[in-house]
Amino acid sequence: MPTPSLLQRLKERKLVQWALAYLAGAWVLFEVSDAVGGRLGWPDALYQGLLVILAAGFFITLVLAWYHGEKGRQRVSGPEWLMIAALLAVAGVALSLLPGGNSAREPGESELGQGVEDDRPGLAVLPCENLSPNPADSFLAAGLHGEIVARLQSISTLRTVGRASVLPYRGEPPTISSVANDLNVGFVGGCRVRKDPNREQIRVDFELMDSTGVQQWADQYDRDLTTGGLFDIQGEIAKRVAAEIGFNLTPLERDRVVQVLTENTDAYLLYLQGKESFLDERSRGWRAFDLQSVSLFDQALGHDPNFAVAHAYLSLSLTYQIVGEDRYERAKQEAERALELMPG
């Protein structure tokens, strides 16, 4: 009796049907996980791990189809077990080599490597409470919080916890001592923001507490709702915090904490709205991205084409979009423009 050809044996074992069925099921599984993960903000490492598992499963399916495609005619053999074990071992190694998940850190926020100690005094600034009567002004509190944190992070002698790490304490935070213990800091800042509904003015209350909740300093800032007023508040808070903790700023750090990013108030307010939209979209996963943040940054640059940080955030926002073939090229152009306007 002639030996069956390879093609005939593949047909008998229905190898192609098994492969197509598996690929269809894997595609459905990945699409469902992508949709759910986008809502829940799953880290990239989880998707990478799922891809490794699905890839290993494909080859395991082919092994099973070859040995068991003809129902009841093949028994489990040594070579089959060896191939399956080898594939599982390869998948295990690939999973172990995957990098850790990406947190929702804001661009520019870094974290220490494992095992690296940082003996600098630590500070966590809790999300600013919005006291403005108009809900539409809530972006001011969120935006100013991010800007204050960014300026404090430019002080090299101070370890300021990133914005993303304190967002879970938004609303009704636990006790100051528990926040300090959770984030391993010696100081905690709190702020309240209120925009006057009748005048273009803003009030920011800021207080600094030690790890036990004892107030070290507090002040109130009433300013016009202009770039001059807003940047003045941020700079004054950063300088005062450094002084209260016991630091003298270097000339470079002093320049950074009082830096005026734009002279155009409309551009800056649109930038704050765009930044909050961008961070909200990113926290909900890449499928949540739409054109809102891009539009807001575009509008900001319409008021001030030389607004470097707005160019930088527009570049970031474009890289997250899921529509538009030219978005990467434009993102590169925006990044280059940002660096041209603000080297380093």
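Residues numbered from 1 in each chain as written. Predicted model: local features only at pLDDT ≥ 70, side-chain atom pairs only at ≥ 80, totals over all residues. Heavy atoms only, no water.

Draft legend 1. Representation of the overall build of the protein chain. If you tally the helices and strands in the protein chain, you get 13 helices and six strands. Of all 344 residues assigned to the protein chain, the portion counted as buried reaches 41%. For the protein chain, the share of sequence-separated contacts (at least 6 apart) that also reach a separation of at least 24 residues comes to 63%. For the protein chain, the exposed surface amounts to about 19000 Å²; the carbon and sulfur share of it is 56%. (Helix = DSSP H or I, 4+ residues; strand = E, 2+ residues; numbered from the N terminus. Buried < 20%, exposed > 50% of the residue type's maximum accessible area, 1.4 Å probe, protein only. Contact = heavy atoms within 4.5 Å. Areas by Shrake-Rupley, 256 points an atom, 1.4 Å probe, with all protein chains shown as cover.)

Draft legend 2. Here's a closer look at the side chain of T265. Here T265 shows up in helix α10 (residues 265-283). With residues near it in sequence (within four places) discarded, T265 still touches L225, T226 and T227.

Draft legend 3. Structural view of the packing of helix α11 (residues 292-303) against helix α12 (residues 308-320). Where α11 meets α12, the closest approach of the two axes is 9 Å, and the angle between their N-to-C directions is 160°. Judged on the interaxial angle alone, α12 and α11 are roughly antiparallel. When the axes of α11 and α12 are compared, the crossing they make is left-handed. Where α11 approaches α12, its residues S293, V294, F297, D298 and L301 are matched on the opposing element by A310, H311, Y313, L314, S317 and L318. Looking at the contact of α11 with α12 residue by residue, the classes come out as seven nonpolar, three polar and one charged. (Axes fitted to C-alpha atoms, helices over the stretch in contact; angles between N-to-C directions. Parallel < 35°, antiparallel > 145°, perpendicular 65-115°, else oblique. Left-handed = near helix turned anticlockwise from the far one by under 90°. Nonpolar A, V, L, I, M, F, W, Y, C, P; charged D, E, K, R; others polar.)

Draft legend 4. Up close: the pattern of salt bridges. Enumeration over the complete set of coordinates arrives at 13 salt bridges. Note that E340 and R337 form a salt bridge whose closest N and O atoms lie 3.1 Å from each other. Placement of both E340 and R337 in helix α13 (residues 327-341) is noted, with a separation of three residues, approximately one turn of the helix. The partly exposed category is assigned to R337, whose relative accessible area is 25%. The network of salt bridges with shared partners includes D219, R240 and E244. (Salt bridge = Lys/Arg side-chain N within 4 Å of Asp/Glu carboxyl O.)

Draft legend 5. Focus on the environment of A331. Locating A331 in the fold gives a position in helix α13. Residues A331 and A312 lie 19 residues apart in sequence; the distance between their C-alpha atoms is 8.7 Å.

Draft legend 6. View of the packing of aromatic side chains. The full count for this structure, using the stated rule, is eight aromatic pairs. Where Y271 meets F307, the ring centres are 5.1 Å apart and the plane angle is 55°; that geometry is what we call tilted. Residue Y271 is found in helix α10, and its partner F307 is found in the loop between α11 and α12; the two are separated by 36 residues along the sequence. Each member of the pair Y271 and F307 is classed as buried. Between Y271 and Y313 the ring centres are 5.9 Å apart and the planes differ by 70°, which places this aromatic pair in the edge-to-face class. In this pair, Y271 is assigned in helix α10 and Y313 in helix α12, connecting sequence segments 42 residues apart. Accessibility expressed as a relative area gives 7% for Y313, which makes it buried. These aromatic residues form a ring-pair network of at least three members: F231, Y268, Y271, F278, F297, F307 and Y313. (Phe/Tyr/Trp six-rings, centres within 6.5 Å; stacked < 30°, edge-to-face > 60°.)

Don't take any of this as a statement about function, it's just geometry.
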